[in-house]
Amino acid sequence: MSSEEGLSSTITDWLFLNSWWLLLPFVMLLVVAAFIVAFVLLLYMISPLISPKPLKLNGAHVVVTGGSSGIGKCIAIECYRQGAFITLVARDEAKLLQAKKELEKFAINDKQVVLCISVDISSEYSQVESVIKQAQEKLGPVDMLVNCAGMAVSGRFEEMEVDRFKKLMEVNYLGSVYPTRAVITTMKERRMGRIMFVSSQAGQIGLFGYTAYSPSKFALRGLAESLQMELPYTGPLETKLISETSGVCQPDQVAKIIVRDAVQGNFNSSVGPDGYMLSALTCGMSPVTSITEGLQQIVTMGLFRTIALFYLGSFDSIVRRCMIQREQSKAANKRE
Ligand SMILES: NC(=O)C1=CN([C@@H]2O[C@H](COP(=O)(O)OP(=O)(O)OC[C@H]3O[C@@H](n4cnc5c(N)ncnc54)[C@H](OP(=O)(O)O)[C@@H]3O)[C@@H](O)[C@H]2O)C=CC1
Ligand SMILES: CCCCCCCCCCCCCCCC(=O)[C@@H](N)CO
(Lines give C-alpha, C1' and ligand atoms only; values in the text may rest on other atoms or scores of the structure.)
(Ligands and ions follow the chains in the order given, each with its own letter.)
Protein backbone atom coordinates (compact mmCIF):
# COMPACT_ATOMS: atom_id res chain seq x y z
CA MET A 1 0.00 0.00 0.00
CA SER A 2 2.56 2.48 1.09
CA SER A 3 4.87 1.47 -1.72
CA GLU A 4 2.13 2.14 -4.29
CA GLU A 5 1.57 5.63 -2.91
CA GLY A 6 5.30 6.18 -3.05
CA LEU A 7 5.37 5.20 -6.73
CA SER A 8 2.51 7.45 -7.84
CA SER A 9 3.87 10.43 -5.98
CA THR A 10 7.22 9.89 -7.67
CA ILE A 11 5.50 10.01 -11.09
CA THR A 12 3.66 13.23 -10.20
CA ASP A 13 6.83 14.77 -8.90
CA TRP A 14 8.62 13.84 -12.06
CA LEU A 15 5.87 15.23 -14.28
CA PHE A 16 5.16 18.46 -12.49
CA LEU A 17 8.51 19.36 -11.09
CA ASN A 18 11.04 18.20 -13.64
CA SER A 19 9.39 17.82 -17.01
CA TRP A 20 5.99 19.56 -16.81
CA TRP A 21 6.83 21.44 -20.02
CA LEU A 22 6.60 18.17 -21.94
CA LEU A 23 2.83 18.53 -21.59
CA LEU A 24 2.82 22.07 -22.94
CA PRO A 25 2.36 21.17 -26.61
CA PHE A 26 -0.62 18.97 -25.73
CA VAL A 27 -2.19 21.67 -23.61
CA MET A 28 -1.70 24.19 -26.38
CA LEU A 29 -3.17 21.78 -28.92
CA LEU A 30 -6.18 21.32 -26.65
CA VAL A 31 -6.67 25.07 -26.28
CA VAL A 32 -6.39 25.60 -30.04
CA ALA A 33 -8.83 22.75 -30.71
CA ALA A 34 -11.26 24.24 -28.19
CA PHE A 35 -11.03 27.62 -29.93
CA ILE A 36 -11.65 26.07 -33.33
CA VAL A 37 -14.67 24.15 -32.04
CA ALA A 38 -16.03 27.32 -30.40
CA PHE A 39 -15.45 29.32 -33.61
CA VAL A 40 -17.22 26.76 -35.79
CA LEU A 41 -20.13 26.60 -33.34
CA LEU A 42 -20.37 30.38 -33.43
CA LEU A 43 -20.41 30.30 -37.24
CA TYR A 44 -23.29 27.84 -37.22
CA MET A 45 -25.16 29.99 -34.70
CA ILE A 46 -24.99 33.05 -36.96
CA SER A 47 -25.62 31.11 -40.16
CA PRO A 48 -29.37 31.91 -40.25
CA LEU A 49 -28.37 35.59 -40.44
CA ILE A 50 -26.40 35.14 -43.64
CA SER A 51 -28.17 32.30 -45.42
CA PRO A 52 -31.17 33.45 -47.45
CA LYS A 53 -34.48 31.62 -47.48
CA PRO A 54 -34.78 29.17 -50.40
CA LEU A 55 -36.93 30.25 -53.33
CA LYS A 56 -39.91 28.07 -54.23
CA LEU A 57 -39.79 27.40 -57.97
CA ASN A 58 -43.22 25.80 -58.11
CA GLY A 59 -45.56 28.49 -59.47
CA ALA A 60 -42.75 31.06 -59.69
CA HIS A 61 -42.22 33.29 -62.73
CA VAL A 62 -38.73 32.77 -64.18
CA VAL A 63 -37.39 34.98 -66.98
CA VAL A 64 -34.46 33.50 -68.91
CA THR A 65 -32.56 35.70 -71.36
CA GLY A 66 -30.74 33.61 -73.94
CA GLY A 67 -33.32 30.94 -73.11
CA SER A 68 -33.69 29.74 -76.69
CA SER A 69 -30.49 27.72 -76.79
CA GLY A 70 -27.57 26.17 -74.91
CA ILE A 71 -27.22 26.71 -71.16
CA GLY A 72 -30.14 29.17 -71.03
CA LYS A 73 -32.53 26.65 -72.54
CA CYS A 74 -31.36 23.97 -70.11
CA ILE A 75 -31.88 26.33 -67.15
CA ALA A 76 -35.39 27.07 -68.42
CA ILE A 77 -36.16 23.35 -68.73
CA GLU A 78 -34.84 22.70 -65.23
CA CYS A 79 -37.09 25.42 -63.75
CA TYR A 80 -40.09 24.32 -65.82
CA ARG A 81 -39.70 20.75 -64.56
CA GLN A 82 -39.97 22.14 -61.05
CA GLY A 83 -43.26 23.86 -61.82
CA ALA A 84 -42.17 27.37 -62.80
CA PHE A 85 -43.81 29.66 -65.37
CA ILE A 86 -41.20 30.64 -67.94
CA THR A 87 -40.52 33.67 -70.13
CA LEU A 88 -37.88 33.00 -72.77
CA VAL A 89 -36.09 36.04 -74.15
CA ALA A 90 -33.84 36.02 -77.25
CA ARG A 91 -33.77 37.58 -80.71
CA ASP A 92 -34.55 34.77 -83.17
CA GLU A 93 -38.30 34.01 -83.06
CA ALA A 94 -38.10 30.65 -84.80
CA LYS A 95 -35.51 29.43 -82.28
CA LEU A 96 -37.66 30.72 -79.42
CA LEU A 97 -40.73 28.81 -80.64
CA GLN A 98 -38.65 25.69 -81.11
CA ALA A 99 -37.35 25.97 -77.53
CA LYS A 100 -40.88 26.57 -76.21
CA LYS A 101 -42.00 23.31 -77.82
CA GLU A 102 -39.10 21.48 -76.22
CA LEU A 103 -39.85 22.93 -72.80
CA GLU A 104 -43.54 22.04 -72.91
CA LYS A 105 -42.69 18.35 -72.99
CA PHE A 106 -41.56 18.68 -69.38
CA ALA A 107 -44.76 20.21 -67.94
CA ILE A 108 -45.74 18.91 -64.50
CA ASN A 109 -49.20 20.53 -64.42
CA ASP A 110 -51.59 21.98 -67.01
CA LYS A 111 -51.45 25.55 -65.66
CA GLN A 112 -47.80 26.07 -66.61
CA VAL A 113 -47.10 28.61 -69.37
CA VAL A 114 -44.07 29.29 -71.57
CA LEU A 115 -44.02 32.81 -72.95
CA CYS A 116 -41.62 33.84 -75.75
CA ILE A 117 -40.47 37.40 -76.33
CA SER A 118 -38.12 38.47 -79.07
CA VAL A 119 -35.83 41.38 -78.28
CA ASP A 120 -32.18 42.35 -78.50
CA ILE A 121 -31.38 42.76 -74.80
CA SER A 122 -28.37 44.93 -75.57
CA SER A 123 -29.89 47.51 -77.87
CA GLU A 124 -31.93 49.87 -75.72
CA TYR A 125 -33.12 49.98 -72.12
CA SER A 126 -36.64 51.16 -72.99
CA GLN A 127 -37.16 48.10 -75.20
CA VAL A 128 -36.01 45.70 -72.51
CA GLU A 129 -38.13 47.47 -69.92
CA SER A 130 -41.29 47.12 -72.02
CA VAL A 131 -40.53 43.45 -72.63
CA ILE A 132 -40.29 42.82 -68.89
CA LYS A 133 -43.51 44.78 -68.34
CA GLN A 134 -45.22 42.61 -70.95
CA ALA A 135 -44.00 39.45 -69.24
CA GLN A 136 -45.13 40.68 -65.81
CA GLU A 137 -48.60 41.56 -67.12
CA LYS A 138 -49.02 38.02 -68.43
CA LEU A 139 -47.28 35.92 -65.77
CA GLY A 140 -47.02 38.18 -62.73
CA PRO A 141 -44.00 39.71 -61.03
CA VAL A 142 -40.63 38.13 -61.85
CA ASP A 143 -39.42 35.81 -59.08
CA MET A 144 -36.19 34.87 -60.79
CA LEU A 145 -34.26 36.53 -63.59
CA VAL A 146 -31.59 34.47 -65.33
CA ASN A 147 -29.20 36.65 -67.34
CA CYS A 148 -27.80 34.04 -69.68
CA ALA A 149 -27.79 35.72 -73.09
CA GLY A 150 -24.22 36.24 -74.17
CA MET A 151 -21.75 35.80 -76.95
CA ALA A 152 -18.05 34.98 -77.28
CA VAL A 153 -15.44 36.21 -79.75
CA SER A 154 -11.78 35.29 -79.66
CA GLY A 155 -8.66 36.47 -81.39
CA ARG A 156 -5.45 38.32 -80.75
CA PHE A 157 -5.98 41.74 -79.22
CA GLU A 158 -4.35 43.62 -82.08
CA GLU A 159 -6.17 41.63 -84.74
CA MET A 160 -9.65 41.93 -83.27
CA GLU A 161 -12.05 44.34 -84.97
CA VAL A 162 -12.29 47.30 -82.61
CA ASP A 163 -16.08 47.33 -82.59
CA ARG A 164 -16.08 43.76 -81.13
CA PHE A 165 -14.95 45.17 -77.78
CA LYS A 166 -18.00 47.42 -77.70
CA LYS A 167 -20.32 44.68 -78.93
CA LEU A 168 -19.28 42.20 -76.22
CA MET A 169 -19.62 44.79 -73.45
CA GLU A 170 -23.07 45.62 -74.81
CA VAL A 171 -24.34 42.06 -75.07
CA ASN A 172 -22.62 40.40 -72.09
CA TYR A 173 -22.56 43.30 -69.64
CA LEU A 174 -25.27 45.85 -70.56
CA GLY A 175 -27.45 42.96 -71.73
CA SER A 176 -27.46 41.82 -68.10
CA VAL A 177 -27.74 45.32 -66.60
CA TYR A 178 -30.92 46.23 -68.53
CA PRO A 179 -33.14 43.26 -67.59
CA THR A 180 -31.84 43.48 -64.01
CA ARG A 181 -32.66 47.16 -63.83
CA ALA A 182 -36.14 46.42 -65.17
CA VAL A 183 -37.01 43.87 -62.46
CA ILE A 184 -35.14 45.18 -59.42
CA THR A 185 -37.68 47.74 -58.15
CA THR A 186 -40.51 45.22 -57.97
CA MET A 187 -38.24 42.63 -56.41
CA LYS A 188 -37.13 45.06 -53.71
CA GLU A 189 -40.73 46.04 -53.01
CA ARG A 190 -41.73 42.41 -52.66
CA ARG A 191 -38.59 41.73 -50.66
CA MET A 192 -38.00 38.52 -52.58
CA GLY A 193 -36.49 37.23 -55.79
CA ARG A 194 -33.31 36.01 -57.42
CA ILE A 195 -31.11 37.48 -60.11
CA MET A 196 -28.59 35.20 -61.79
CA PHE A 197 -25.60 36.34 -63.84
CA VAL A 198 -23.95 33.77 -66.07
CA SER A 199 -20.27 34.59 -66.21
CA SER A 200 -17.53 32.12 -67.21
CA GLN A 201 -14.20 30.73 -66.08
CA ALA A 202 -12.94 33.46 -68.39
CA GLY A 203 -14.75 35.88 -66.03
CA GLN A 204 -12.39 34.84 -63.25
CA ILE A 205 -9.13 34.57 -65.14
CA GLY A 206 -7.87 36.45 -68.14
CA LEU A 207 -7.04 34.13 -71.00
CA PHE A 208 -5.19 34.26 -74.28
CA GLY A 209 -7.53 35.30 -77.07
CA TYR A 210 -10.22 36.60 -74.70
CA THR A 211 -9.22 40.26 -74.40
CA ALA A 212 -12.72 41.26 -75.50
CA TYR A 213 -14.77 38.45 -73.92
CA SER A 214 -13.06 38.07 -70.55
CA PRO A 215 -13.46 41.70 -69.36
CA SER A 216 -17.15 41.67 -70.24
CA LYS A 217 -17.56 38.63 -67.94
CA PHE A 218 -15.35 40.09 -65.18
CA ALA A 219 -17.71 43.08 -65.23
CA LEU A 220 -20.63 40.84 -64.26
CA ARG A 221 -18.83 39.81 -61.09
CA GLY A 222 -18.41 43.46 -60.07
CA LEU A 223 -22.05 44.12 -60.83
CA ALA A 224 -23.24 41.10 -58.82
CA GLU A 225 -21.07 41.96 -55.81
CA SER A 226 -22.13 45.60 -55.72
CA LEU A 227 -25.78 44.75 -56.22
CA GLN A 228 -25.71 42.14 -53.46
CA MET A 229 -24.53 44.78 -51.02
CA GLU A 230 -27.33 47.17 -52.02
CA LEU A 231 -30.08 44.63 -51.56
CA PRO A 232 -31.61 45.61 -48.20
CA TYR A 233 -32.00 49.26 -49.26
CA THR A 234 -29.79 51.92 -50.66
CA GLY A 235 -28.71 55.54 -50.92
CA PRO A 236 -25.56 57.54 -51.56
CA LEU A 237 -24.94 57.74 -47.78
CA GLU A 238 -24.09 54.02 -47.63
CA THR A 239 -21.67 54.40 -50.53
CA LYS A 240 -19.98 57.29 -48.74
CA LEU A 241 -19.67 55.46 -45.41
CA ILE A 242 -18.40 52.25 -47.01
CA SER A 243 -15.92 54.12 -49.20
CA GLU A 244 -14.63 55.89 -46.09
CA THR A 245 -13.53 52.54 -44.58
CA SER A 246 -10.70 52.62 -47.08
CA GLY A 247 -7.97 55.20 -46.52
CA VAL A 248 -8.02 58.25 -48.74
CA CYS A 249 -4.85 58.61 -50.80
CA GLN A 250 -3.41 61.69 -52.40
CA PRO A 251 -3.34 61.46 -56.20
CA ASP A 252 0.39 62.22 -56.36
CA GLN A 253 1.08 59.38 -53.90
CA VAL A 254 -1.01 56.96 -55.96
CA ALA A 255 0.69 58.11 -59.16
CA LYS A 256 4.13 57.51 -57.68
CA ILE A 257 3.31 53.97 -56.66
CA ILE A 258 1.67 53.08 -59.97
CA VAL A 259 4.58 54.46 -61.97
CA ARG A 260 7.11 52.66 -59.76
CA ASP A 261 5.26 49.36 -60.22
CA ALA A 262 4.92 49.90 -63.95
CA VAL A 263 8.62 50.66 -64.28
CA GLN A 264 9.45 47.50 -62.33
CA GLY A 265 7.15 45.55 -64.62
CA ASN A 266 4.77 44.48 -61.82
CA PHE A 267 1.46 43.03 -62.98
CA ASN A 268 -0.37 44.39 -59.95
CA SER A 269 -0.10 47.68 -58.13
CA SER A 270 -1.83 48.61 -54.90
CA VAL A 271 -1.90 51.52 -52.47
CA GLY A 272 -2.23 51.29 -48.69
CA PRO A 273 -2.66 48.30 -46.39
CA ASP A 274 -6.25 47.65 -47.48
CA GLY A 275 -5.22 47.88 -51.11
CA TYR A 276 -2.44 45.40 -50.44
CA MET A 277 -4.77 42.95 -48.70
CA LEU A 278 -7.38 43.25 -51.43
CA SER A 279 -4.80 42.57 -54.15
CA ALA A 280 -3.45 39.50 -52.36
CA LEU A 281 -6.94 38.24 -51.62
CA THR A 282 -8.31 38.61 -55.13
CA CYS A 283 -5.15 37.48 -56.92
CA GLY A 284 -6.95 34.37 -58.15
CA MET A 285 -5.18 33.24 -61.30
CA SER A 286 -3.29 36.50 -61.82
CA PRO A 287 0.33 36.10 -62.92
CA VAL A 288 3.12 36.95 -60.44
CA THR A 289 6.06 39.16 -61.28
CA SER A 290 8.27 38.36 -58.28
CA ILE A 291 8.93 35.38 -56.03
CA THR A 292 8.09 37.37 -52.87
CA GLU A 293 4.74 38.38 -54.33
CA GLY A 294 3.77 34.74 -54.90
CA LEU A 295 5.02 33.64 -51.46
CA GLN A 296 3.16 36.46 -49.72
CA GLN A 297 -0.06 35.52 -51.48
CA ILE A 298 0.30 31.86 -50.51
CA VAL A 299 0.93 32.66 -46.85
CA THR A 300 -1.62 35.45 -46.35
CA MET A 301 -4.62 34.18 -48.33
CA GLY A 302 -6.45 32.51 -45.42
CA LEU A 303 -5.70 35.30 -42.99
CA PHE A 304 -6.84 38.00 -45.43
CA ARG A 305 -10.03 36.11 -46.19
CA THR A 306 -10.76 36.01 -42.47
CA ILE A 307 -10.17 39.77 -42.21
CA ALA A 308 -12.31 40.27 -45.34
CA LEU A 309 -15.27 38.51 -43.71
CA PHE A 310 -15.11 41.03 -40.85
CA TYR A 311 -15.00 43.87 -43.39
CA LEU A 312 -18.07 42.43 -45.10
CA GLY A 313 -19.80 42.23 -41.72
CA SER A 314 -19.03 45.88 -41.03
CA PHE A 315 -20.31 46.91 -44.49
CA ASP A 316 -23.47 45.00 -43.74
CA SER A 317 -23.93 46.80 -40.45
CA ILE A 318 -23.45 50.17 -42.17
CA VAL A 319 -26.19 49.31 -44.65
CA ARG A 320 -28.47 48.10 -41.85
CA ARG A 321 -27.84 51.18 -39.69
CA CYS A 322 -28.64 53.51 -42.58
CA MET A 323 -31.83 51.62 -43.31
CA ILE A 324 -32.99 51.83 -39.71
CA GLN A 325 -32.15 55.54 -39.52
CA ARG A 326 -34.02 56.22 -42.74
CA GLU A 327 -37.10 54.38 -41.54
CA GLN A 328 -37.02 56.21 -38.22
CA SER A 329 -36.79 59.61 -39.85
CA LYS A 330 -39.57 58.65 -42.26
CA ALA A 331 -41.78 57.70 -39.32
CA ALA A 332 -40.88 60.96 -37.55
CA ASN A 333 -41.77 62.98 -40.66
CA LYS A 334 -45.17 61.30 -40.82
CA ARG A 335 -45.89 62.18 -37.21
CA GLU A 336 -45.14 65.86 -37.79
N1 LIG B 1 -20.90 27.37 -73.76
C2 LIG B 1 -19.89 27.49 -72.94
O3 LIG B 1 -18.94 26.68 -72.93
C4 LIG B 1 -19.83 28.61 -71.98
C5 LIG B 1 -20.80 29.60 -71.98
N6 LIG B 1 -20.79 30.62 -71.07
C7 LIG B 1 -21.81 31.66 -71.06
O8 LIG B 1 -23.08 31.06 -70.92
C9 LIG B 1 -24.05 31.80 -71.63
C10 LIG B 1 -24.80 30.87 -72.58
O11 LIG B 1 -23.86 30.27 -73.42
P12 LIG B 1 -24.27 29.21 -74.53
O13 LIG B 1 -25.32 28.33 -73.99
O14 LIG B 1 -23.05 28.62 -75.07
O15 LIG B 1 -24.87 30.21 -75.61
P16 LIG B 1 -25.64 29.97 -76.98
O17 LIG B 1 -24.85 30.65 -78.02
O18 LIG B 1 -26.06 28.56 -77.18
O19 LIG B 1 -26.95 30.83 -76.70
C20 LIG B 1 -26.93 32.17 -76.54
C21 LIG B 1 -28.33 32.63 -76.27
O22 LIG B 1 -28.34 34.04 -76.07
C23 LIG B 1 -29.20 34.64 -77.00
N24 LIG B 1 -28.66 35.94 -77.34
C25 LIG B 1 -27.43 36.23 -77.81
N26 LIG B 1 -27.30 37.53 -78.02
C27 LIG B 1 -28.46 38.11 -77.67
C28 LIG B 1 -28.96 39.43 -77.66
N29 LIG B 1 -28.21 40.45 -78.08
N30 LIG B 1 -30.22 39.67 -77.24
C31 LIG B 1 -30.99 38.65 -76.83
N32 LIG B 1 -30.58 37.38 -76.81
C33 LIG B 1 -29.34 37.10 -77.22
C34 LIG B 1 -29.25 33.67 -78.17
O35 LIG B 1 -30.41 33.79 -78.94
P36 LIG B 1 -30.47 34.74 -80.27
O37 LIG B 1 -29.17 34.56 -80.99
O38 LIG B 1 -31.67 34.26 -81.02
O39 LIG B 1 -30.67 36.12 -79.75
C40 LIG B 1 -29.26 32.36 -77.43
O41 LIG B 1 -30.54 32.08 -76.93
C42 LIG B 1 -23.31 32.92 -72.32
O43 LIG B 1 -23.44 34.10 -71.55
C44 LIG B 1 -21.88 32.43 -72.36
O45 LIG B 1 -20.98 33.50 -72.39
C46 LIG B 1 -19.78 30.68 -70.14
C47 LIG B 1 -18.79 29.73 -70.09
C48 LIG B 1 -18.72 28.65 -71.00
C1 LIG C 1 -6.82 25.79 -58.84
C2 LIG C 1 -6.61 26.31 -60.20
C3 LIG C 1 -7.57 25.78 -61.23
C4 LIG C 1 -7.31 26.39 -62.54
C5 LIG C 1 -8.28 25.97 -63.57
C6 LIG C 1 -8.05 26.78 -64.81
C7 LIG C 1 -8.90 26.34 -65.94
C8 LIG C 1 -8.74 27.27 -67.09
C9 LIG C 1 -9.59 26.91 -68.27
C10 LIG C 1 -10.29 28.10 -68.76
C11 LIG C 1 -11.22 27.81 -69.88
C12 LIG C 1 -12.19 28.95 -70.01
C13 LIG C 1 -13.06 28.81 -71.21
C14 LIG C 1 -14.18 29.82 -71.24
C15 LIG C 1 -14.97 29.59 -72.47
C16 LIG C 1 -16.18 30.42 -72.59
O17 LIG C 1 -16.54 31.19 -71.77
C18 LIG C 1 -16.96 30.24 -73.85
N19 LIG C 1 -18.20 30.98 -73.78
C20 LIG C 1 -16.15 30.76 -74.97
O21 LIG C 1 -16.57 30.23 -76.17
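Presented here is an overview of the structure given in this document. Worth saying up front: this structure is predicted, and the values here are computed from it rather than measured.

### Concerning the site of ligand 2
Consideration 1: Taken together, Ala152, Ser200, Gln201, Ile205, Leu207, Tyr210, Tyr213 and Met285 make up the full set of residues near ligand 2.
Consideration 2: Taking Ser200, its side chain carries an N or O atom lying 2.7 Å from an oxygen atom of ligand 2.
Consideration 3: Residue Tyr213 places a side-chain N or O atom 2.7 Å away from an oxygen atom belonging to ligand 2.
Consideration 4: Against a free-state accessible area of 610 Å², the protein chains account for coverage of 42% of ligand 2.

### A short note on the side chain of Thr180
Consideration 1: Along the chain, Thr180 turns up in helix α6 (residues 162-190).
Consideration 2: Here the side chain of Thr180 touches Ser176 through a polar contact of 2.5 Å, landing on its backbone oxygen.
Consideration 3: For Thr180, the residues in contact, after removing those within four places along its chain, are Leu145, Asn147, Ile195, Phe197 and Leu227.

### Overview of the pattern of salt bridges
Consideration 1: This structure, assessed with the given rule, holds eight salt bridges.
Consideration 2: Here Asp163 ties to Arg164 by a salt bridge, and the two come within 3.7 Å at their closest N and O atoms.
Consideration 3: Residue classification places Asp163 among the partly exposed residues on the basis of a relative accessible area of 45%.
Consideration 4: When its relative accessible area of 26% is taken as the criterion, Arg164 is described as partly exposed.
Consideration 5: Asp316 serves as the salt-bridge partner of Arg320, at 2.9 Å between the closest nitrogen and oxygen. Here Arg320 and its partner Asp316 are both found in helix α11 (residues 291-335), four residues apart, which amounts to about one turn of the helix.
Consideration 6: Note on Arg320: relative accessible area 45%, which makes it partly exposed.
Consideration 7: Owing to a relative accessible area of 36%, Asp316 belongs among the partly exposed residues under this scheme.

Conventions we followed
Residues numbered from 1 in each chain as written. Chains lettered and ligands numbered in written order. Predicted model: local features only at pLDDT ≥ 70, side-chain atom pairs only at ≥ 80, totals over all residues. Heavy atoms only, no water. Near = heavy atom within 4 Å. Polar contact = N/O pair within 3.5 Å; in protein donor to acceptor, adjacent residues only side chain to side chain. Areas by Shrake-Rupley, 256 points an atom, 1.4 Å probe, with all protein chains shown as cover. Helix = DSSP H or I, 4+ residues; strand = E, 2+ residues; numbered from the N terminus. Contact = heavy atoms within 4.5 Å. Salt bridge = Lys/Arg side-chain N within 4 Å of Asp/Glu carboxyl O. Buried < 20%, exposed > 50% of the residue type's maximum accessible area, 1.4 Å probe, protein only.

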